[in-house]
Amino acid sequence: QVQLVESGGGLVQAGGSLRLSCAASGRTFSGYAMGWFRQAPGKEREFVAAISWSTGSTNYADSVKGRFTISRDSVKNTGYLQMNSLKPEDTAVYYCAADPSGRGGRVRSRYGYWGQGTQVTVSS
C-alpha cells in the first residue's frame, strides 16, 4: 500500500512560482510512474505531468509544457512539480498519483494511488 502526501500549494501572483512535493510512504516508488493531475472548480480532473521513476522519462500536458517541470528524488522517495510563470488558469487542486505498473502517462485510470490534493491559487 502506498500513501501519498502533497504539499507546497498556496496563493501566488501571476508570473510567480511554486514547487509542489509528493512524499510517498508504505513502499518505494521504484518501478512506479508518478503523475500530477489538477482539478479546477466545475471541471474534470486533468493530466498535468508524469515521470517514470526508473527511467526519468517525462510527459507534459501542452498547457504546461515549458513552464512546469516534474522530477523525482529516489533517496527521499519524493516527487516534485516545479511550476513557473504561473497563470490564473493554473488555479486548481493539484493531486499526485502513483501507477504501480510504471506506465503512467496521461491515462488517469492507470493510477491506483492518489494523494489528498493541495490547493494552488494564482491571482491576476
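Now for a look at the structure at hand. (Residues numbered from 1 in each chain as written. Predicted model: local features only at pLDDT ≥ 70, side-chain atom pairs only at ≥ 80, totals over all residues. Heavy atoms only, no water.)

**Some details on the pattern of salt bridges**
Reasoning step 1: Taken as a whole, this structure holds four salt bridges when the rule is applied.
Reasoning step 2: For E46, the salt bridge goes to R38, with nearest N and O atoms at 2.6 Å.
Reasoning step 3: Take E46: its relative accessible area is 36%, and that puts it in the partly exposed class.
Reasoning step 4: The shortest N-O distance in the salt bridge between K65 and D62 comes to 3.2 Å. (Salt bridge = Lys/Arg side-chain N within 4 Å of Asp/Glu carboxyl O. Buried < 20%, exposed > 50% of the residue type's maximum accessible area, 1.4 Å probe, protein only.)

**A closer look at the sheet that holds strand β7 (residues 68-73)**
Reasoning step 1: The four strands are arranged β1-β3-β8-β7 in an open sheet whose pairing can be described as antiparallel. Strands at the two margins of the open sheet, each flanked by one partner only, are β1 (3-7) and β7. Sheet twist, expressed as the mean angle between neighbouring strand axes with direction ignored, is 15 degrees.
Reasoning step 2: Both strand β3 (residues 18-25) and strand β8 (residues 78-83) contribute to a ladder of six bridges, which runs antiparallel. Bridged to L18 within β8 is M83. (Pairing = 2+ DSSP bridges. Helix = DSSP H or I, 4+ residues; strand = E, 2+ residues; numbered from the N terminus. Axes fitted to C-alpha atoms, helices over the stretch in contact; angles between N-to-C directions.)

**A closer look at unusual backbone geometry**
Reasoning step 1: One non-glycine residue, N77, lies in positive phi territory at about 55 degrees.
Reasoning step 2: Mapped onto the fold, N77 is located in the loop between β7 and β8.
Reasoning step 3: Positive phi outside glycine occurs at S85, with the angle close to 50 degrees.
Reasoning step 4: Assignment of secondary structure puts S85 in the loop between β8 and β9 (92-99).

**Let's talk about the environment of V2**
Reasoning step 1: Looking at the secondary structure, you find V2 in the segment before β1.
Reasoning step 2: Assessed through its relative accessible area of 7%, V2 is described here as buried.
Reasoning step 3: For the pair V2 and S25, spaced 23 residues apart in the sequence, the C-alpha separation amounts to 5.8 Å.
Reasoning step 4: Excluding anything up to four places from it in sequence, V2 contacts A24, S25, R27, Y32 and Y113. (Contact = heavy atoms within 4.5 Å.)

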